[in-house]
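Report on the structure
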Amino acid sequence: MGAYLLEWLSLFFRWFHVIAGVAWIGASFYFVWLDLSLRKPPQWKTDKGISGDLWAVHGGGFYEIAKYKLEPEEMPKTLHWFKWEAYTTWLTGAAMMSIVYYANATAYLIDPSKVPFTSIGAIATSLLFLFGSYFIYEVIVRSHLGKNAFIFSTLIFILLVIASWGSYQLFSDRASFIHIGAILGTVMVGNVFFGIMPAQRALVDCVRRGEKPGKEVAELALQAKNRSLMNNYFTLPLIFTMISNHYPMMYAHEKGWLVLVFVGIITATARHYFNQKHLGHKKPRYLVIPAILTVLLIIWMRPEPIEPAPAMPATASVAPTTNDSTPIATSATTDSSTDTVANANNSISTDAATAEAVPVSASADDAMMNVVHTRCSTCHAVQPTQQGFAAPPAGIILQTPEDLKIHKAKIVTAVQTGYMPLGNITQLTDAERQQLVAYAASL
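Residues numbered from 1 in each chain as written. Predicted model: local features only at pLDDT ≥ 70, side-chain atom pairs only at ≥ 80, totals over all residues. Heavy atoms only, no water.

Helix and strand content of the chain: 17 helices and two strands. Each of the 443 residues in the chain was classed as buried or not, and the buried ones make up 39%. The contacts in the chain between residues at least 6 apart in sequence include a share of 67% that link residues at least 24 apart. (Helix = DSSP H or I, 4+ residues; strand = E, 2+ residues; numbered from the N terminus. Buried < 20%, exposed > 50% of the residue type's maximum accessible area, 1.4 Å probe, protein only. Contact = heavy atoms within 4.5 Å.)

When the terminal C-alpha atoms of helix H17 (residues 430-442) are compared, their 19 Å separation across 13 residues agrees well with the 18 Å that a helix rising 1.5 Å per residue should span. Listed in full, the buried residues belonging to H17 are Glu432, Arg433, Leu436, Val437, Ala438, Tyr439 and Ala440. (Expected span 1.5 Å × (residues − 1).)

Here we take up the pairing of strand S1 (residues 50-58). Note that S1 and strand S2 (residues 61-68) share eight bridges and pair antiparallel. When the bridges of S2 are listed, tryptophan 55 appears paired with glutamate 64. Linking S1 to S2, which pair antiparallel, is a turn of two residues; within it glycine 59 sits at a positive phi near 60 degrees. (Pairing = 2+ DSSP bridges.)

Okay, unusual backbone geometry next. Of note in this structure, glutamine 427 is not a glycine but carries a positive phi near 60 degrees. Given the relative accessible area of 43%, glutamine 427 is considered partly exposed.

What follows deals with the nonpolar core. Among soluble globular proteins, nonpolar side chains are generally buried collectively. Tyr101, Leu109 and Tyr137 are the most contacted members of the largest nonpolar core, which has 61 residues in total. A per-element tally of this core places helix H7 (residues 173-209) first, with 14 residues. Apart from residues no more than four positions distant in its own chain, tyrosine 101 is found in contact with Met96, Tyr108, Leu109, Arg174, Ala175 and Ile178. Core analysis: the next-biggest nonpolar cluster, separate from the first, contains 16 residues, Met369, Val372, Val412 and Tyr439 among them. (Core = buried A, V, L, I, M, F, W, Y, C linked by side-chain atoms within 4.5 Å.)

Attention now moves to a nonpolar patch on the surface. A cluster of nonpolar side chains, namely Val288, Ile292, Val295, Leu296 and Ile299, defines an oily patch on the protein surface of about 440 Å² accessible area. Looking at the element boundaries, isoleucine 292 is found in helix H11 (residues 285-301). (Patch = residues over 30% accessible without salt bridge, like charges linked within 9 Å, V, L, I, M, F, W, Y side chains within 5 Å. Areas by Shrake-Rupley, 256 points an atom, 1.4 Å probe, with all protein chains shown as cover. Salt bridge = Lys/Arg side-chain N within 4 Å of Asp/Glu carboxyl O.)

Right, let's get into the packing of helix H5 (residues 119-142) against helix H8 (residues 215-243). In helix packing, the relevant descriptors are the interaxial angle and the interaxial distance, both defined with respect to the helix axes. As a packed pair, H5 and H8 sit with axes 12 Å apart at the nearest point and diverge in direction by 135 degrees. Judged by the angle between their axes, H5 and H8 are oblique. In this structure, H5 meets H8 at a crossing whose hand is right-handed. Between H5 and H8, the residues in contact are Tyr137, Glu138, Val141 and Arg142 and Gln223, Arg227 and Met230, respectively. (Axes fitted to C-alpha atoms, helices over the stretch in contact; angles between N-to-C directions. Parallel < 35°, antiparallel > 145°, perpendicular 65-115°, else oblique. Left-handed = near helix turned anticlockwise from the far one by under 90°.)

Here we come to the UniProt feature "transmembrane region" (unreviewed entry) in the chain. The feature "transmembrane region" (unreviewed entry), as annotated in UniProt, sits at residues 12-33, 84-103, 115-137, 149-171, 177-199, 233-250, 256-274 and 286-303 in this numbering. In this annotation, residues 12-33 is assigned 100% helix and 0% strand; the end-to-end C-alpha distance for the span is 32 Å. Between the end C-alpha atoms of residues 233-250 there is a gap of 21 Å, over a span that is 78% helix and 0% strand. (UniProt positions renumbered as here; feature names shortened; annotations may be inferred.)

Here's what the structure looks like:
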């Protein structure tokens with residue numbers, strides 16, 4: 001019942017997370033486009049304190065948009081604030097992180113082959129990783145380094161590269177991408193809460209009091225603009241990390257952290273092209289460069305060819321017979337101490353039985369289905385036995401060779417990339433992984 005309720009909570013918060021994210025991203029894109037598209041207004045508007053204006057047509061009507069340099073002539077009766085889109089996106093994202101990765105840490109957050117965390121240890125490390133990264137960002141942005149655009153951008157890029165590498169050393173591959181997305185999202189909402197909103201409140205308070213905004217308010221407004229622009233460049237990498245769990249070929253790559261760095265460069269550069277275009281500067285190289293990098297990334301990430309399925313080893317069981325052809329039930333064991341005792345007490349009879357034994361080889365189907373039942377079917381069954389799963393992931397059931405044949409394309413991709421089992425929770429060995437990929441590909 002607990003896993004069932006978690007599934008519903010995940011659905012609920014994922015839905016609202018998507019809605020809030022779309023609203024936030026849409027507002028971010030719109031206002032950056034608006035700010036970059038403003039042109040010098042006529043003199044009569046300049047005399048009123050308007051720094052730029054824009055005419056647009058949409059939905060069957062004309063819109064006239066004006067931006068004041070700092071304050072309008074008088075405070076408007078109705079003033080729209082843009083903040084809850086950001087806050088709701090972060091809150092629902094934090095809820096999703098808790099439901100998916102913290103409530104079921106052994107399946108989604110922990111990879112015991114990297115760090116054998118306990119659930120509490122993994123969650124504590126995750127929180128420290130996220131908020132520690134944000135604290136470093138906030139220190140940089142508030143320092144004198146944050147006033148130099150080039151130095152600031154370079155430092156943030158280096159910080160994100162280190163964070164990408166670090167997340168891959170600590171958490172499961174899938175969780176690694178999500179953690180970088182969570183860092184980006186936390187930085188973006190932190191920019192809104194700690195930078196943009198205080199500047200806007202200071203400006204509005206001055207207008208309400210009828211005071212001329214001073215140098216301090218002007219500096220806050222400039223910092224808010226820079227933070228908003230930073231959010232704009234983070235948006236596309238953030239969207240990628242939000243949908244990355246659907247593409248295991250990306251995060252399950254052996255150099256997944258480097259894949260994420262390349263994707264960040266590609267998407268941020270593409271965003272820069274549009275920002276320049278809004279300013280009236282057509283620089284196609286900022287689209288050509290991401291296109292070339294994407295092709296190179298595809299070539300670099302191409303999977304190794306699948307080798308033919310190897311012959312399955314014979315079983316250790318033997319089936320001795322008696323003189324009257326009546327089978328005798330025997331069983332093999334790997335316990336060395338038991339073998340030693342048996343050999344000491346029954347060496348003559350054992351030798352005779354071995355001489356008359358007929359080896360029995362397991363079929364490829366039987367051998368591979370044994371692997372599937374042990375490593376895969378604990379989750380991918382009609383009634384999963386793995387803790388935390390109320391239903392088979394993605395509705396995929398793997399209990400018979402026919403099931404494997406139906407889903408072979410997904411199996412090959414998921415197993416070959418290392419995506420499945422999640423966090424290798426069932427300890428699928430490298431040899432079993434290779435055999436399963438080859439076997440599924442041959443069906």
